[in-house]
Amino acid sequence: MEVAVLDINGKETGRKVSLSDSVFGVEPSTHAVYLDVKQYLANQRQGTHKSKERAEIAGSTRKIKKQKGTGTARAGSIKSPVFRGGGRIFGPRPKDYTQKLNKNVKRLARRSALSIKAKEESIIVLEDFNFEAPKTKNFTNVLKALGLDNKKSLFVLGDSNNNVYLSSRNLKTSEVITSSELSTYKIVNANNIVLLEGSIEGIESNLSK
């Protein structure tokens, strides 16, 4: 498929680029997309949740009252979960939530996500650009020119560009990454994908393997 190349002012440059059908025109596998997004979100979890159980609570081990004759239930420890300040019953423990996924499934998921965006005409190809200095206003002007100022957008660069990255960092609705950092979750999470010309070759070479 061919897509017109725009400049940072949102106008057509008169050039077109051809996007590979093997990456941007495949039959989408929604299940592969689901698995990859599920793995990404699971791997973000730290799993450091922890509460103290009765063996870990600091407190006296003496028997707090006599066994019989009180008219109430028997009690042997102030650290019992039934008392305020006692340990927690079956509390959370540290856990590793990371999941593994086959490389081929991950590639299929990314190809499927890009193909869905291409079918929805949510992919914009932009000529490579740079800023003289990091400035949020410059990046905001690019978003307005492309009509993306009120939408979630993902800018994919061919190589890391510190000025462009720093200019976008304060904006909650926009994210700038390189082609090697592209993930299914980031594609699905954005309303529009903005591909800089220099990123297309890297994306297609990574996903055509």
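Refer to the structure printed above.
Let me begin by describing the structure that accompanies this report.

Conventions and cut-offs
Residues numbered from 1 in each chain as written. Predicted model: local features only at pLDDT ≥ 70, side-chain atom pairs only at ≥ 80, totals over all residues. Heavy atoms only, no water. Helix = DSSP H or I, 4+ residues; strand = E, 2+ residues; numbered from the N terminus. Rg over C-alpha atoms; globule rule 2.2 N^0.38 Å. Buried < 20%, exposed > 50% of the residue type's maximum accessible area, 1.4 Å probe, protein only. Contact = heavy atoms within 4.5 Å. Axes fitted to C-alpha atoms, helices over the stretch in contact; angles between N-to-C directions. Parallel < 35°, antiparallel > 145°, perpendicular 65-115°, else oblique. Nonpolar A, V, L, I, M, F, W, Y, C, P; charged D, E, K, R; others polar. Phe/Tyr/Trp six-rings, centres within 6.5 Å; stacked < 30°, edge-to-face > 60°. Patch = residues over 30% accessible without salt bridge, like charges linked within 9 Å, V, L, I, M, F, W, Y side chains within 5 Å. Areas by Shrake-Rupley, 256 points an atom, 1.4 Å probe, with all protein chains shown as cover. Salt bridge = Lys/Arg side-chain N within 4 Å of Asp/Glu carboxyl O. Pairing = 2+ DSSP bridges. Arc of directions from axis to C-beta.

**Focus: the overall build of the chain**
Reasoning step 1: Of the regular secondary structure elements, the chain holds 7 helices and 6 strands.
Reasoning step 2: Its C-alpha radius of gyration of 27 Å places the chain more than 25% over the 17 Å reference for a compact globule of 209 residues.
Reasoning step 3: Within the span of the chain, comprising 209 residues, buried residues form 38% of the whole.
Reasoning step 4: Long-range contacts, defined as pairs at least 24 residues apart, comprise 69% of the intrachain contacts of the chain with a sequence gap of at least 6.

**Remarks on the packing of helix α3 (residues 103-119) against helix α7 (residues 197-207)**
Reasoning step 1: Taken N-terminus to C-terminus, the directions of α3 and α7 make an angle of 135°; their axes are 10 Å apart at the nearest point. On the basis of their axis angle, the class for α3 and α7 is oblique. Facing Arg107, Arg110, Arg111 and Leu114 of α3, the residues of α7 in contact are Ile203, Asn206 and Leu207.
Reasoning step 2: A class-by-class count of the residues in the contact of α3 with α7 yields 3 nonpolar, 1 polar and 3 charged.

**Some words on the side chain of Ser199**
Reasoning step 1: Along the chain, Ser199 turns up in helix α7.
Reasoning step 2: When sequence neighbours within four positions are dropped, the list of residues in contact with Ser199 reads Val156, Leu157, Gly158 and Ser179.

**Observations regarding the packing of aromatic side chains**
Reasoning step 1: Throughout the structure, instances matching the rule amount to 3 aromatic pairs.
Reasoning step 2: Pairing Tyr40 with Tyr185 gives two aromatic rings, centres 4.7 Å apart and planes at 15°, and the pair type is stacked. On the criterion of sequence distance, the pair formed by Tyr40 in helix α2 (residues 30-44) and Tyr185 in helix α6 (residues 184-189) is long-range, its members being 145 residues apart.
Reasoning step 3: A relative accessible area of 26% means that Tyr185 is categorised as partly exposed.
Reasoning step 4: Between Phe129 and Phe131, the ring centres sit 5.4 Å apart and the planes meet at 55°, which makes this aromatic pair tilted. Taken individually, Phe129 and Phe131 each receive the classification buried, so the pair is uniform in this respect.

**Observations regarding a nonpolar patch on the surface**
Reasoning step 1: Side chains of Ile78, Val82 and Phe83 sit close together on the surface and give an oily, nonpolar patch of about 270 Å² of accessible area.
Reasoning step 2: Looking at the secondary structure, you find Ile78 in the loop between α2 and α3.

**Notes on the sheet that holds strand β5 (residues 174-178)**
Reasoning step 1: Strands sit in the order β2-β1-β3-β6-β4-β5 across an open sheet of 6 strands; the sheet is mixed. In this open sheet, the two edge strands, each paired with only one partner strand, are β2 (12-18) and β5. The average angle at which neighbouring strand axes cross in this sheet is 30°, direction not considered.
Reasoning step 2: The sheet strands contacting helix α4 (residues 136-146) are β1 (2-6), β3 (123-126), β4 (153-157), β5 and β6 (192-196), and the helix crosses β4 at an angle near 110°.

**Structural notes on α4**
Reasoning step 1: Every buried residue of α4 is accounted for by Phe139, Val142, Leu143 and Leu146. For α4, the buried positions fall inside an angular range of 100° around the axis, keeping them on one side. Relative to its buried face, α4 has exposed residues pointing more than 90 degrees away, namely Lys137 and Lys144.
Reasoning step 2: Contact partners of the buried residues in α4: β1, β3, β4, α5 (162-168), β5 and β6.
Reasoning step 3: Just beyond α4, the residue with positive phi is Gly147, at close to 75°.

**Examining the pairing of β2**
Reasoning step 1: Direction of pairing for β1 relative to β2: antiparallel, over a ladder of 4 bridges. What sits directly across from Ala4, in β2, is Lys16.
Reasoning step 2: The turn linking β1 back onto β2 is made up of 5 residues, and Gly10 within it adopts a positive phi angle of 80°.

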